[in-house]
Amino acid sequence: MIRYVKPEEWGTVEGKLADMPWIVAKERFVSFFHDPRRGLGLYEHVEKNHGCNAWNAASWAVAMNSVIAILNTIPDGANEADVVEAFGL
């Protein structure tokens, strides 16, 4: 389970991977795809659609947490189709 982000984490670029759930979320999403480039491209689309490229910390946290909430519902044994369906892609 990926922990939710806090607004004060916005803009953080240093730290342990476990302390940066937005990176863990990206890696988990991409891991479901046979072609990592396709997964990465779709993840960028998801970030854009959910508003993760926000201009302030509060908006970013809400958007990123909506992505994390969906990822937390996807079981480990899921496949690409499951992820695409979960995110409505």
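A. Looking closely at the overall build of the chain. Within the chain one finds 4 helices and 0 strands. Its helices and strands in sequence order give the chain the pattern α-α-α-α, from N to C terminus. Principal axes of the C-alpha set define a box for the chain whose edges measure 35 × 25 × 25 Å. About 5500 Å² of surface is accessible on the chain, with carbon and sulfur atoms providing 56% of the total. Charge-centre separation for the chain: the mean point of 8 positive side chains lies 2 Å from the mean point of 12 negative side chains.

B. Quick peek at the packing of aromatic side chains. Going through the model one piece at a time under the given rule, you end up with 4 aromatic pairs. A centroid spacing of 5.4 Å and a plane angle of 75° characterise the contact between Trp22 and Trp60, whose relative ring orientation is edge-to-face. With Trp22 in helix α1 (residues 21-31) and Trp60 in helix α3 (residues 57-73), this pair connects stretches of sequence that are 38 residues apart. Residue classification places Trp60 among the buried residues on the basis of a relative accessible area of 7%. Members of the aromatic cluster, each reached through a chain of ring pairs, are Phe29, Phe33, Tyr43 and Phe87.

C. A look at helix α2 (residues 36-50). Between the first and last C-alpha of α2 there are 21 Å, a value that for 15 residues agrees with the 21 Å anticipated at 1.5 Å per step. Where α2 is concerned, the buried positions are Gly39, Leu42, Tyr43 and Val46. Along the axis of α2, the buried positions cluster into a sector of 105°, meaning they face one direction only. For α2, exposure combined with an orientation more than 90 degrees from the buried face picks out Arg37 and Lys48. Among the structural elements, α1, α3 and α4 (80-86) are those in contact with the buried residues of α2. For α2, the N-terminal capping position is held by Asp35, with its side-chain oxygen 3.0 Å away from the main-chain nitrogen of Arg37.

D. Geometry of the side chain of Arg28. Within the element layout of this structure, Arg28 appears in helix α1. At 3.1 Å, the side chain of Arg28 and the side chain of Asp76 are in polar contact. If sequence neighbours within four positions are ignored, Arg28 has contacts with Ile2, Leu71, Ile74, Pro75 and Asp76.

E. Molecular detail of α3. Between its first and last C-alpha atoms α3 spans 24 Å; for 17 residues at 1.5 Å apiece the expected length is 24 Å, and the two agree. Structurally, α3 contributes buried residues whose contacts are with α1 and α2. Residue Asn56 occupies the N-cap position of α3, its side-chain oxygen lying 3.2 Å from the main-chain nitrogen of Ala58.

Conventions and cut-offs
By convention here, each chain's residues receive numbers from 1 onward along its written sequence. The predicted origin of the model limits local features to residues at a pLDDT of at least 70 and limits the giving and counting of side-chain atom pairs to 80 or more, whereas totals for whole chains, interfaces and linings rest on all residues. Excluded from the side-chain calculations are hydrogens and water; all other atoms, namely the structure's heavy atoms, are used. A run of DSSP states H or I qualifies as a helix once it reaches four residues; a run of E qualifies as a strand once it reaches two. Both are numbered from the N-terminal end. Every accessible area reported is derived by Shrake-Rupley at a probe size of 1.4 Å, with residue values counting cover from the shown protein chains alone. Counted as positive: Lys and Arg. Counted as negative: Asp and Glu. His and the chain ends are not counted at all. The atoms used to mark charge sites are NZ of Lys, CZ of Arg, CG of Asp and CD of Glu. Under the pairing criterion, centres of Phe, Tyr and Trp rings, with the six-membered ring standing for Trp, must be within 6.5 Å; the plane angle then separates stacked pairs below 30 degrees from edge-to-face pairs above 60, leaving the rest tilted. Working definition: with a 1.4 Å probe on protein chains only, accessible area under 20% of the residue-type maximum means buried, over 50% means exposed, and in between means partly exposed. One fewer than the residue count of a helix, multiplied by 1.5 Å, yields its expected span. Arc definition: directions from the helix axis to the C-beta atoms. Note on contacts: a residue pair is in contact if any heavy atoms of the two residues lie within 4.5 Å. As used in this structure description, the phrase polar contact means that two N or O atoms lie within 3.5 Å; if the pair is within protein, one of them must be able to donate a hydrogen and the other to accept it, and residues adjacent in sequence are counted only when both atoms belong to side chains.

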